[in-house]
Amino acid sequence: MTSKFNVGDHVTWNSEAGHVSGVISKVHTRDFQYKGHTHRASEDDPQYEIKSDKTDHIAAHKGSALKKTPKKT
């Protein structure tokens, strides 16, 4: 079972550029369009929009790709 995250949770994930961290800004529980692609989401397997800590980039990922971490101050 995939972990569930909430808006405001600080998470990390692995990208082509290495580990990235950010804050969850939106939780999708239904299919949605993002950057020209349909992302599949459901109540049991949501997808998350995350704003990067270092840039204004927004990424969309399933919970299985994310790891909750403490926010660095």
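Treat the numbers as computed from the prediction; the structure is a model and nothing was measured.

What follows covers the sheet that holds strand S1 (residues 10–15). Pairing between the strands of a sheet is mediated by backbone hydrogen bonds and can be parallel or antiparallel. Taken together, the five strands give an open sheet; going across it, the order is S6-S5-S2-S1-S7, and neighbouring strands pair in antiparallel fashion. The outermost strands of the open sheet, each flanked by one partner alone, are strand S6 (58–62) and strand S7 (67–68). One ladder, built from five bridges, connects strand S5 (residues 47–52) with S6; its direction is antiparallel. Across the sheet, the residue bridging to Tyr 48 is His 61, located in S6.

Moving on to the environment of Thr 38. Mapped onto the fold, Thr 38 is located in strand S4 (residues 37–39). Thr 38 sits in the partly exposed class, given a relative accessible area of 40%. The spacing of Thr 38 and Val 27 is 11 residues in sequence and 15 Å in space, taken between C-alpha atoms. Those residues in contact with Thr 38, other than ones at most four positions away along the chain, are Asp 31, Phe 32 and Gln 33.

Our next topic: the packing of aromatic side chains. Summed over the entire model, instances satisfying the criterion amount to one aromatic pair. On the basis of an interplanar angle of 85 degrees and a centroid distance of 5.4 Å, the ring pair of Phe 5 and Tyr 48 is categorised as edge-to-face. Placement of Phe 5 in the segment before S1 and of Tyr 48 in strand S5 is noted, with a sequence separation of 43 residues between them. Phe 5 sits in the buried class, given a relative accessible area of 6%.

Tracing the backbone through its elements, the reader meets Lys 71 in the segment after S7. C-alpha of Lys 71 to C-alpha of Asp 9: the two residues are 62 residues apart in sequence and 8.4 Å apart in space. Not counting chain neighbours up to four residues away, the residues in contact with Lys 71 comprise His 10, Val 23 and Asp 53.

Another aspect to go through is the confidence of the model for the protein. Mean pLDDT over the protein stands at 90; residues scoring 70 or higher make up 93%. Here strand S3 (residues 32–34) stands out as the element of the protein with the lowest mean pLDDT, 91, in contrast to S5, whose mean of 95 is the highest.

Conventions adopted
- Residues numbered from 1 in each chain as written.
- Predicted model: local features only at pLDDT ≥ 70, side-chain atom pairs only at ≥ 80, totals over all residues.
- Heavy atoms only, no water.
- Pairing = 2+ DSSP bridges.
- Helix = DSSP H or I, 4+ residues; strand = E, 2+ residues; numbered from the N terminus.
- Buried < 20%, exposed > 50% of the residue type's maximum accessible area, 1.4 Å probe, protein only.
- Contact = heavy atoms within 4.5 Å.
- Phe/Tyr/Trp six-rings, centres within 6.5 Å; stacked < 30°, edge-to-face > 60°.
- pLDDT = per-residue confidence, 0-100.

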